[in-house]
Amino acid sequence: GAGVSQSPRYKVAKRGQDVALRCDPISGHVSLFWYQQALGQGPEFLTYFQNEAQLDKSGLPSDRFFAERPEGSVSTLKIQRTQQEDSAVYLCASSLVARQGQYFGAGTRLSVL
Amino acid sequence: DQQVKQNSPSLSVQEGRISILNCDYTNSMFDYFLWYKKYPAEGPTFLISISSIKDKNEDGRFTVFLNKSAKHLSLHIVPSQPGDSAVYFCAASSIQAGTALIFGKGTTLSVSS
């Protein structure tokens, strides 16, 4: 498809389990972003890639969160030892250049029990 | 400390009338503003943006106004249609903040026919 694709759409994890969330950006988009959206809140920035380089990870809430984009296309957000407070929708967005309108995927809803 | 505030959680408008969604910001370094629309179970969809060098940008039924002195922007939808019913997010960015978008909490717009 032409849009940003995220998988899985839903993930249920037991506390302490590791999870991996995948993002396929729009083809040719250099910039890729991860956001976390808690219930009733707006998306909050986690990290930014330009091609394969992670240029900003200031929003990652702890060292349990790790993101990569090894070939400058698909990206994976990994959360180790999940906690209940990690429950949220994780949104991926891409753009042709940074600071243009970002195009979002449908998100992965993570529930940690 | 919220840098982007949408003080109205919800707004109800009749079909054909004007919808006005408001957004206030506190960071005077913000220089690029965007509006997104979000339907349930979908990611945010980019609607319209405005640079701080302008005070108005129009795209079809959507117009965004920026008042820098008041640190306020608004989105006007004329005429409103039932399909416009969604959550609307205001977002801002600055070179200082890098490429991250800072979002408000959103306003739920309901357009009745």
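If you're wondering where the values come from, they're calculated on a predicted model, not measured in any experiment.

1. Re the state of the cysteines
Here is step 1: Following the criterion strictly, the structure yields two disulfides over all chains and no others.
Here is step 2: What pairs with cysteine 23 of chain A in a disulfide is cysteine 92 of chain A, and their sulfur atoms sit 1.9 Å apart. Looking down the S-S bond of the cysteine 23 of chain A and cysteine 92 of chain A bridge, the torsion is -65°, so its handedness is left-handed. Of this pair, cysteine 23 of chain A sits in strand β3 (residues 19–24) while cysteine 92 of chain A is found in strand β9 (residues 88–95), placing the two residues 69 residues apart along the sequence.
Here is step 3: Disulfide pairing places cysteine 23 of chain B opposite cysteine 90 of chain B at an S-S distance of 2.0 Å.

2. Considering the interface of chain A and chain B
Here is step 1: Listed as interface residues are 21 residues of chain A and, on the opposing side, 22 residues of chain B.
Here is step 2: The junction of chain A with chain B conceals about 1600 Å² of combined surface from both sides, 56% of it contributed by carbon and sulfur atoms.
Here is step 3: Where chain A packs against chain B, one counts zero salt bridges.
Here is step 4: Applying the counting criterion to the chain A and chain B interface returns three residue pairs in polar contact (both at pLDDT 80 or more).

3. Remarks on the sheet that holds strand β3 (residues 19–25) of chain B
All names here are of chain B.
Here is step 1: Spatial strand order, β1-β3-β8-β7-β6: five strands in an open sheet with antiparallel pairing. If you trace the sheet from one side to the other, it starts and ends with β1 (4–5) and β6 (56–59), each paired once.
Here is step 2: By the bridge criterion, six bridges tie strand β7 (residues 62–67) to strand β8 (residues 72–77) in an arrangement that is antiparallel. For leucine 66, the partnering residue across the bridge sits in β8 and is leucine 73.

4. Topic: the sheet that holds β3 of chain A
All names here are of chain A.
Here is step 1: One open sheet holds the four strands; their spatial order is β1-β3-β8-β7, and the pairing between them is antiparallel. Two strands in the sheet have a free side with no partner beyond their single neighbour: β1 (5–7) and β7 (65–68). With direction set aside, neighbouring strand axes in the sheet form an average angle of 15°.

5. Describing the packing of aromatic side chains
Here is step 1: Taken as a whole, this structure holds 15 aromatic pairs over all chains when the rule is applied.
Here is step 2: Each ring, one from tyrosine 35 of chain A and one from phenylalanine 103 of chain B, has its centre 5.7 Å from the other, and the planes form 90°; the classification is edge-to-face. Separated into two different chains, tyrosine 35 of chain A in strand β4 (residues 31–37) and phenylalanine 103 of chain B in strand β10 (residues 102–103) make up a pair that spans both.
Here is step 3: You can call tyrosine 35 of chain A buried: its relative accessible area is 0%.
Here is step 4: Between phenylalanine 89 of chain B and phenylalanine 103 of chain B, the aromatic rings sit 6.3 Å apart at their centres with planes inclined by 85°, giving edge-to-face as the arrangement. Linking phenylalanine 89 of chain B in strand β9 (residues 86–93) with phenylalanine 103 of chain B in strand β10, this pair joins segments that are 14 residues apart in sequence. Accessibility assignment for this pair places phenylalanine 89 of chain B and phenylalanine 103 of chain B in one class, buried.
Here is step 5: Ring pairing ties together the aromatic residues Phe33, Tyr35, Phe45, Tyr48, Tyr103 and Phe104 of chain A together with Tyr36, Phe46, Phe89 and Phe103 of chain B, which thus form one cluster.

6. Details of the pattern of salt bridges
All names here are of chain B.
Here is step 1: On inspection of all chains with the given rule, the structure shows five salt bridges over all chains.
Here is step 2: For aspartate 84, the salt bridge identified is with arginine 61, shortest N-O distance 2.8 Å. Of this pair, aspartate 84 sits in the loop between β8 and β9 while arginine 61 is found in the loop between β6 and β7, placing the two residues 23 residues apart along the sequence.
Here is step 3: For arginine 61, a relative accessible area of 22% corresponds to the partly exposed category.

About the thresholds
- Residues numbered from 1 in each chain as written.
- Chains lettered and ligands numbered in written order.
- Predicted model: local features only at pLDDT ≥ 70, side-chain atom pairs only at ≥ 80, totals over all residues.
- Heavy atoms only, no water.
- Disulfide = S-S within 2.5 Å.
- Helix = DSSP H or I, 4+ residues; strand = E, 2+ residues; numbered from the N terminus.
- Contact = heavy atoms within 4.5 Å.
- Buried area = accessible area lost by both parts, 1.4 Å probe.
- Salt bridge = Lys/Arg side-chain N within 4 Å of Asp/Glu carboxyl O.
- Polar contact = N/O pair within 3.5 Å; in protein donor to acceptor, adjacent residues only side chain to side chain.
- Pairing = 2+ DSSP bridges.
- Axes fitted to C-alpha atoms, helices over the stretch in contact; angles between N-to-C directions.
- Phe/Tyr/Trp six-rings, centres within 6.5 Å; stacked < 30°, edge-to-face > 60°.
- Buried < 20%, exposed > 50% of the residue type's maximum accessible area, 1.4 Å probe, protein only.

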